[in-house]
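Listed below are the residues making up each chain.
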Amino acid sequence: MVLELQKPRPIWQIMFSTHHTDVGLLYLITSLAFLFLGGSLALAIRAELFLPGAQIIGDAMTFNRIFTVHGTTLIFLFILPFASAVGNYFVPIMVRYKDMAYPKLNAIAFWMIPPAGALIWLGFADFTWYATPPYSIISAPGPAADMWIFGLKILGISSVLGAINFIVTILKCKHPDMSIGQVPLLAWSFLSSSLIILVAIPTFAAALLMLLTDRLGVSGFFNPAMGGDPIAYAHLFWFTFHPEVYVLVIPAIGMMYEIIPRFSRKPIYSYNSGVFAFVLLSIVGFSSWAHHMYATGMSFTEKTVFMVGTLAAVPASAMHVFNFIATMWNGRIKFSTPMMWAVGGIALFFSAGAGGVANAAMPLDFTTHDTYWVVGHFHLFVMGTIAFGSIGFLYYMFPYVTGRMYNEKMGKIHFILSFIGTVLVFFTQHVLGLYGMPRRIFDYPPIPEWITMNQIATVGAMIIGVSMVIFLANMIYSSGKGKLANTEDPFGVGGKYYYPFEAKNPSH
Amino acid sequence: MSGHSNWPEWIYIGVVVALMVWVGAEAWEAERLIEHVPADAETIIVTGQQWFWTFEHEDGTKEIGELHVEVGKAYKFEIVSKDVNHSFNIHDYVVLMDAIPGRVNTVWFAPTEVGQHDIQCREYCGLIHYNMRGTLYVEAPSS
């Protein structure tokens, strides 16, 4: 059983457990803790940029460290562990197996995250989440930079272990009566994203080692002073991290595939097209990495190839959007909190994708590249799509985890404020980028348009901040004192749920 | 399939694919024209270093943080870096190209009107990246 708070256990029983729901709970709490830590750094960044000149952050170095740790935290310590939390709770149940395929490996993969997080936070590096050489080799202050490199190394290993576990659980441990074509779409999303991890991560793992030896001065892979090439790093980095974008977004889409049909009280419009789009995305995701590098001096032919590769990913993403809308069409939709988050997430996913098409087109990229347009663009994915899907799913699984209901009204207020805030921050940042404001700057000249846009964005960010306080209060209060959930059908929409609730923990 | 006809989805995918083909073709055509450097373009060597820009004209004159050019001429920038990666950017003229140590990247433009424009660094390069700025002065032809 996973009704953790109704039947309290000593904390060490959960910490040393290898049961999938316990590991899932650990993932969940860790990821949420880092969501709030990383989010408060975002508020500091926005407060600093409210006006030109130094505001609340004293100097540029601190600012540079803050945005570096903000990005690293929310990508690697919130989004990925949150997806693992959902996968741990739901994948074994969806494939009707008693646990993950390798429970101990599962616990090890989780326990690599806290030390990695500690390295990243105690180091507080300043070279952006992209750690671009030669800056990261010759200029970035250590030991922060080295701690970041080790932190990322550990997180990479953790991701690979988790991915192996999901793949084996889904392919080898699914119930013998169940064909692969009957595996629910949420589990399919974990299968696709895990396969991407296995192919993509080793490249960056190698690049990280090279970066470290370069910093130690024993090699010069990326150091032009020693005959190396910084562009080689860019290729290795983006070969991992463009597909990684799909690793982040595919589980969130999978979560929406669980929420949308449930609250539309209709089966998914086309299961096959969902599976097809997942598989297609995980393949074409590998054909677009160098679209991050148009301005590094690539030849016309290279740019054309990667533009085509990028545009090829659009139809697959568009299939998901179609599938969601077609599922909701004529459904008896119940707009409970999870459904609101999922629908909001789809709207922002569509907007993010439309902006992405503009980035991909070669001549337009030279207007938008490395400006706030790009910041707005990818935040519409990571915040607007992935965090929205994840938070919606958190509300959805809340009764199963705690046995209690969250406060519905507060959940809806959380959504409305977050949605308004997200639109204010990230749509505005697109416009700010068109006015030419570069990203990663501590201060900016007092250009009137820049000031206005930055102020709108900061107000939006503060609205998100307020909504997150409401969220935190709701989660804490409701998990202890919320009204008891009807675990057969907590949302009153009927139909058959996948319960982590059915999972039996032998040590409990 | 789940027992219903899927023709709306096929039409939708067809529309999306057609849109992408159109975007790609337009972008390809535009970029092909933009990348064609005129034969009579004057070369300006742009050097990025932490945290300022240096410009060297064909006649050997050097400028730091300021760049003076004339209306009606075409200029080809040869962009290099002395230390870390930078990105040379004149946003108003959509001039953007990374300055990467060990490489020479080129980009060109032809100013059309007299005026002043901002020059900035658009690739993170450390402590004073935010203030690695300069000014482009477009002046009337001298002769």
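Re the overall build of chain A
Here is step 1: What chain A contains, in helices and strands, is 17 helices and zero strands.
Here is step 2: The globule rule puts the C-alpha radius of gyration for 508 residues at 23 Å, and the 22 Å found for chain A is close to it.
Here is step 3: Overall size of chain A, expressed as C-alpha extent along the three principal axes, is 60 × 50 × 45 Å.
Here is step 4: Taking all 508 residues of chain A together, the buried fraction comes to 59%.
Here is step 5: Restricting the contact set of chain A to residue pairs at least 6 apart, pairs at least 24 apart contribute 84%.

A short note on the overall build of chain B
Here is step 1: Regarding its fold elements, chain B presents one helix and ten strands.
Here is step 2: Walking chain B from its N terminus toward its C terminus, one meets helices and strands in the order α-β-β-β-β-β-β-β-β-β-β.
Here is step 3: Here the C-alpha atoms of chain B give a radius of gyration of 21 Å, more than 25% beyond the 15 Å that 2.2 N^0.38 yields for 143 residues.
Here is step 4: Projected onto its principal axes, the C-alpha coordinates of chain B cover approximately 75 × 40 × 25 Å.

Notes on the sheet that holds strand β5 (residues 75-81) of chain B
All names here are of chain B.
Here is step 1: Pairing is mixed across the open sheet formed by five strands, whose spatial order is β3-β2-β1-β5-β8. Of all the strands in the sheet, the pair left with one neighbour each is β3 (62-64) and β8 (105-109). Each adjacent strand pair in this sheet contributes to an overall mean axis angle of 25°, direction not counted.
Here is step 2: Summarising the sheet, strand β2 (residues 52-56) and β3 pair through three bridges and their orientation is antiparallel. The partner of Glu 56 across the bridge, within β3, is Lys 62.

Thoughts on the interface of chain B and chain A
Here is step 1: Residue-level contacts link 42 residues of chain B with 47 residues of chain A.
Here is step 2: Of all the elements in the fold, those that place two or more residues in the side of chain B that touches chain A are α1 (7-34) and β7 (95-99) of chain B.
Here is step 3: If you tally residues by element for the side of chain B that touches chain A, the top one is α1(B), at 14 residues.

Details of the domain arrangement of chain B
Here is step 1: Domain annotation for chain B reports domain 1 (1-36) and domain 2 (42-139).
Here is step 2: Centre-to-centre, using C-alpha coordinates, domain 1 of chain B lies 36 Å away from domain 2 of chain B.

Some words on the confidence of the model for chain B
All names here are of chain B.
Here is step 1: Looking at chain B, the pLDDT average stands at 93 and 97% of residues meet or exceed 70.
Here is step 2: Averaged over each element, pLDDT in chain B is lowest for α1 (93) and highest for β2 (97).
Here is step 3: Here the predicted complex scores 0.94 on pTM and 0.93 on ipTM.

Description of helix α16 (residues 408-434) of chain A
Here is step 1: Relative to the 39 Å expected for 27 residues at 1.5 Å per residue, α16(A) spans 39 Å between its end C-alpha atoms, a close match to the ideal helical length.
Here is step 2: Following α16(A) by one or two positions, A:Gly436 has its phi on the positive side, about 100°.

Structural notes on the pairing of strand β6 (residues 86-90) of chain B
On a regular strand, one side chain projects to one face of the sheet and the next to the other, so that they alternate.
All names here are of chain B.
Here is step 1: Counting buried positions along β6 gives five out of five residues, so the element sits mostly inside the fold.
Here is step 2: On β6, burial covers both faces: His 86, Phe 88 and Ile 90 on one face and Ser 87 and Asn 89 on the other are all buried.
Here is step 3: Bridge count between β6 and β7: five bridges; the pairing is antiparallel. Bridge assignment links Ser 87 to a residue of β7, and that residue is Asp 98.
Here is step 4: What sits between the antiparallel neighbours β6 and β7 is a turn of four residues, in which Val 94 has the positive phi angle 50°.
Here is step 5: Alignment of β6 against strand β9 (residues 115-121), held across two bridges, turns out to be antiparallel.

What to know about the packing of helix α3 (residues 60-94) of chain A against helix α5 (residues 113-123) of chain A
All names here are of chain A.
Here is step 1: One can describe the packing of α3 onto α5 by two numbers: an axis separation of 10 Å at closest approach and a directional angle of 170°. Between α3 and α5, the angle falls in the class roughly antiparallel. Two secondary-structure elements touch here, α3 through Val 69, Thr 72, Thr 73, Leu 77 and Pro 81 and α5 through Ile 113, Gly 117, Ile 120 and Trp 121.
Here is step 2: For the contact of α3 with α5, a count of residues per class yields six nonpolar, three polar and no charged.

Things to note about the packing of α16(A) against helix α17 (residues 448-481) of chain A
Residues and elements named next belong to chain A.
Here is step 1: Two elements in contact, α16 and α17, have axes whose closest approach is 8 Å; the angle formed by their N-to-C orientations is 160°. Compared by their axis directions, α16 and α17 come out roughly antiparallel. For the pair α16 and α17, the sense of crossing is left-handed.
Here is step 2: In terms of residue class, the contact of α16 with α17 is made up of 19 nonpolar, eleven polar and no charged.

Digging into unusual backbone geometry
All names here are of chain A.
Here is step 1: The step from Pro 133 to Pro 134 runs through a cis peptide bond, and the omega angle for that step is 0°.
Here is step 2: Along the chain, Pro 134 turns up in the loop between α5 and α6 (135-139).
Here is step 3: Gly 142 connects to Pro 143 through a cis peptide bond whose omega is 0°.
Here is step 4: In this fold, Pro 143 is placed in the loop between α6 and α7 (144-172).

Re the nonpolar core
Here is step 1: Grouped together as the largest cluster of nonpolar side chains are 195 residues, with contacts concentrated most on A:Ile79, A:Ala187, A:Phe237, A:Val249, A:Met256, A:Ile259 and A:Val382.
Here is step 2: At 21 residues, helix α9 (residues 230-264) of chain A tops the list of elements feeding residues into this core.
Here is step 3: Mapped onto the domain boundaries, this core takes at least three residues apiece from domain 1 (1-36) and domain 2 (42-139) of chain B.
Here is step 4: With near-sequence residues (within four places) excluded, A:Ile79 lies in contact with A:Leu74, A:Leu248, A:Val382 and A:Ile386.

So, the sheet that holds β9(B)
All names here are of chain B.
Here is step 1: One open sheet holds the five strands; their spatial order is β4-β10-β9-β6-β7, and the pairing between them is mixed. Both outer strands of the open sheet, β4 (66-70) and β7, are each paired with one neighbouring strand and no more. The sheet shows a mean angle of 20° between the axes of neighbouring strands, direction not considered.

Examining the environment of A:Leu424
Residues and elements named next belong to chain A.
Here is step 1: Here Leu 424 shows up in helix α16.
Here is step 2: Spatially, the C-alpha atom of Leu 424 lies 6.5 Å from that of Ile 456, the residues being 32 residues apart in sequence.
Here is step 3: Not counting chain neighbours up to four residues away, the residues in contact with Leu 424 comprise Ile 456, Ala 457, Val 459, Gly 460 and Ile 463.

Topic: the environment of A:Ser282
Here is step 1: With respect to the helices and strands, A:Ser282 occurs in helix α10 (residues 271-284).
Here is step 2: A C-alpha to C-alpha distance of 20 Å links A:Ser282 and A:Ala205, two positions 77 residues apart in sequence.

Quick look at α1(B)
Working note: α-helix, 3.6 residues per turn, so residues spaced by three or four point in the same direction.
Here is step 1: In a regular helix each residue adds 1.5 Å, so 28 residues correspond to 40 Å; α1(B) covers 40 Å between its end C-alpha atoms and thus fits that length.
Here is step 2: For α1(B), every residue scored as buried is listed here: B:Val16, B:Met20, B:Gly24, B:Ala27 and B:Glu31.
Here is step 3: Close packing links the buried residues of α1(B) with α11 (300-311), α12 (313-328) and α14 (362-368) of chain A.

Basis of the calculations
- Residues numbered from 1 in each chain as written.
- Chains lettered and ligands numbered in written order.
- Predicted model: local features only at pLDDT ≥ 70, side-chain atom pairs only at ≥ 80, totals over all residues.
- Helix = DSSP H or I, 4+ residues; strand = E, 2+ residues; numbered from the N terminus.
- Rg over C-alpha atoms; globule rule 2.2 N^0.38 Å.
- Buried ≥ 20, exposed ≤ 12 C-beta atoms within 10 Å, placed from the backbone.
- Contact = placed C-beta atoms within 7 Å.
- Pairing = 2+ DSSP bridges.
- Axes fitted to C-alpha atoms, helices over the stretch in contact; angles between N-to-C directions.
- Domains from an automatic or database assignment.
- pLDDT = per-residue confidence, 0-100.
- Expected span 1.5 Å × (residues − 1).
- Parallel < 35°, antiparallel > 145°, perpendicular 65-115°, else oblique.
- Nonpolar A, V, L, I, M, F, W, Y, C, P; charged D, E, K, R; others polar.
- Left-handed = near helix turned anticlockwise from the far one by under 90°.
- Core = buried A, V, L, I, M, F, W, Y, C linked by C-beta atoms within 7 Å.

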